[in-house]
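Now for the letters of each chain:
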Amino acid sequence: MTITGSRDTLSARNRARRRAAGRHEPRRGHSPAGRHSAEVVKPLTPADPETPAAVVAPAAAVEPDPIQAVDASYPKRRRRARPGFLAGAVVRCCLYVGPLSVAIAATGSLNRVAWPVTAVMLVLGWGAAQALTSMGVVVAGRSGQAAAARFVGAGFASVTALWCALVWIAPDRALGPSRALAAVVGVCGLLALGSVTVALVTRSEGAVAAWFLPCWLLAAVPVAAALGAGWATVQVEVMLPGAIVAVAVRAFRPAVLSRPGRSRLTGADRRRGLSYLVIGASQAVCVTLLWQADTPFPAALPLLIAVPMLEGLIGWHTARLDNGLDSAETSADFGRHVRNVTAITLAGLLPPLAAGCGLAVAAYQLPGPLLPGSRDGVLALAAGTLLGGVFAVTFLLAARFRTGIAATLAAVPPLAAAVIALFPSPSGPLPASVAVLAAAHLAGLLIVALTAVDLRRTP
């Protein structure tokens with residue numbers, strides 16, 4: 001769950017550049033003509049009727065570049081990429097595996113409920129987490145962390161109420177043997193995802209990740225029982241809800257102990273949050289489809305590997321863009337810097353596409369009759385690898401403020417899966433799914449390459 005909805009305000013140096021250029025600081029996405037605002041300022045000349053006579057010197061017909069004039073007052077040094085982005089990515093990854101520990105500890109309960117319970121809970125929770133993270137970061141920057149925590153809490157309270165209503169009206173065959181167990185499973189899952197979300201928007205990832213430690217200890221019990229350990233007799237299902245509630249209390253503490261301000265959101269913020277809702281729901285649907293496949297483990301393995309790589313790559317990308325805003329002397333230098341960073345990022349996004357296509361080709365070279373199920377396992381591994389690449393491209397486009405394009409790209413695989421289900425193929429759904437994911441990954445790489453040319457919404 002990469003924080004890509006918003007970042008802090010631009011550096012003081014760039015504000016001074018824009019003030020010297022005689023313009024107000026533009027909003028993101030509104031830089032005229034797709035260039036830096038300082039570059040399009042018309043210089044004062046003697047022919048300009050609005051130019052005061054006192055500022056017209058005979059020796060200079062054109063004023064000097066305002067960017068260079070401001071930069072003369074700053075020390076000539078270039079800062080490296082913001083230190084600590086890699087450490088922040090590691091901390092966020094530790095936070096993300098908290099809900100995974102809850103899922104492992106609740107294996108027994110998840111096996112007793114019907115699969116739509118887990119699927120619908122994941123779609124609701126992951127979609128809400130993405131949307132509320134995007135808008136919550138904006139609220140935190142404008143009104144403080146307490147207001148952001150209250151905003152996220154209200155959002156997840158609404159989602160939890162919706163979940164309870166769905167459980168109330170759903171038929172028994174869609175829930176499993178116990179309606180109460182289905183409700184508890186969904187509420188606990190939403191609490192875990194809500195704790196991760198509020199930790200991201202209040203910048204308390206490390207503290208909340210540490211509070212997930214009891215969940216990890218409880219997750220070790222079913223793993224040890226599956227390995228045949230005789231001591232694994234702890235009643236995990238009794239203790240797990242208490243551990244989840246403790247994490248939620250720590251995560252939502254700013255909403256209770258501090259007096260929050262008003263949550264001010266513009267229409268653009270809400271539209272961006274809606275795009276993230278589509279992104280999160282589409283990703284949850286894709287993960288659910290892979291989970292329901294005949295060979296879920298090979299498909300899920302690349303996704304587990306892709307999460308830390310995705311966090312590191314996007315963290316490096318955004319840090320280098322922020323560094324370019326501080327170090328670029330002219331708009332041409334900044335454009336060159338963005339293109340170089342984008343080229344390196346594309347090189348990091350190519351391996352999933354190459355590996356997925358290579359696995360798909362290798363799947364048809366295996367002796368199917370001699371190794372039953374081997375071809376489907378390799379195709380599932382290829383699908384998981386390509387899906388991880390699509391996730392990375394989607395989050396990167398969202399980080400570059402192309403949230404509408406990112407939402408459209410994220411919605412392609414679920415829509416294609418629906419079409420494949422309506423028109424089944426004799427060879428099964430996996431080959432067509434691999435082809436759709438490869439095409440979506442390639443299209444995403446081309447779109448990312450095009451963002452290096454258009455700097456209008458480059459942060």
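Note: the structure precedes this text.
Report follows, based on the coordinates. (Residues numbered from 1 in each chain as written. Predicted model: local features only at pLDDT ≥ 70, side-chain atom pairs only at ≥ 80, totals over all residues. Heavy atoms only, no water.)

1. A short note on the pattern of salt bridges
Defined as follows: Between Lys or Arg on one side and Asp or Glu on the other, a salt bridge is scored when a side-chain nitrogen of the former is within 4 Å of a carboxyl oxygen of the latter. We call a residue buried when its accessible area falls under 20% of the maximum for its residue type, exposed when it is over 50%, and partly exposed in between, using a 1.4 Å probe and counting protein chains only. By the criteria applied, helices consist of DSSP H or I runs no shorter than four residues and strands consist of E runs no shorter than two, each listed in order from the N terminus.
Across all of its chains, the model carries five salt bridges by this definition. With a shortest N-O distance of 2.4 Å, R179 and D172 are connected by a salt bridge. Among the residues examined, R179 registers a relative accessible area of 29% and is labelled partly exposed. One salt bridge connects D269 with R272, and the closest N-O pair in it is separated by 3.2 Å. Here the residue D269 and the residue R272 both occupy positions in helix α12 (residues 267-291), the gap between them amounting to three residues, near one helical turn. According to the relative accessible area criterion, R272 is buried, its value standing at 19%. Several salt bridges converge on common partners, so that one network encompasses R142, D269 and R272.

2. Side note on the side chain of S282
Inclusion rule: For this analysis, residues touch if any pair of their heavy atoms sits within 4.5 Å.
Note that S282 resides in helix α12. A residue is classified by how much of its surface remains accessible, and S282, at 9% relative accessible area, is buried. Discounting chain neighbours no more than four positions away, the residues touching S282 are A410, A411 and P414.

3. Quick word on a nonpolar patch on the surface
This is how the line gets drawn: Patch definition: residues above 30% relative accessible area lacking any salt bridge, with like charges linked at up to 9 Å and the nonpolar side chains Val, Leu, Ile, Met, Phe, Trp and Tyr linked at up to 5 Å. Only the protein chains shown count as cover for residues, and all accessible areas are computed by the Shrake-Rupley method using a 1.4 Å probe.
A surface patch of nonpolar side chains, amounting to about 830 Å² of accessible area, comprises V97, L100, L213, W216, L217, L301, L304, I305 and M309. Among the elements of the structure, α3 (85-105), α9 (213-226) and α13 (296-327) are those that each provide at least two residues to the nonpolar patch. Among the elements that make up the nonpolar patch, the one with the highest residue count is α13 (four residues). The topology assignment puts W216 in helix α9.

4. Looking at helix α7 (residues 179-201)
An α-helix turns once every 3.6 residues. As a result, residues three or four positions apart point the same way. Our working definition: Here a helix's expected span is defined as the number of its residues, less one, multiplied by 1.5 Å. Identification of polar contacts relies on pairs of N or O atoms within 3.5 Å, with a donor-acceptor requirement for protein atoms, meaning one able to donate a hydrogen and the other able to accept it, and with residues adjacent in sequence counted only if both atoms are side-chain atoms.
With 23 residues, α7 should reach 33 Å at 1.5 Å per residue; the first-to-last C-alpha distance of 33 Å fits that figure. Counting buried residues along α7, 17 of its 23 residues qualify, which places the element largely inside the surrounding structure. Capping the start of α7 is the job of one residue whose side-chain oxygen sits 3.2 Å from the backbone nitrogen of L181: S178. Following α7 by one or two positions, R203 has its phi on the positive side, about 60 degrees.

5. Looking at the nonpolar core
The condition that has to hold: Residues enter a nonpolar core if they are buried and are Ala, Val, Leu, Ile, Met, Phe, Trp, Tyr or Cys, with the set joined through side-chain atoms within 4.5 Å.
In terms of nonpolar packing, the biggest core is built from 57 residues, with L95, V152, F212 and L240 touching the most fellow members. Looking at this core, the elements with two or more residues in it are α3, α5 (115-143), α6 (145-169), α7, α8 (205-211), α9 and α10 (236-251). Element by element, the count of residues in this core is highest for α7, at 12 residues. Beyond its immediate stretch of four places on either side in the chain, F212 contacts L95, G98, P99, S101, V102, A192, V196 and V247. A382, A406, L409 and V434 belong to the second-largest nonpolar core, a separate cluster that totals 38 residues.

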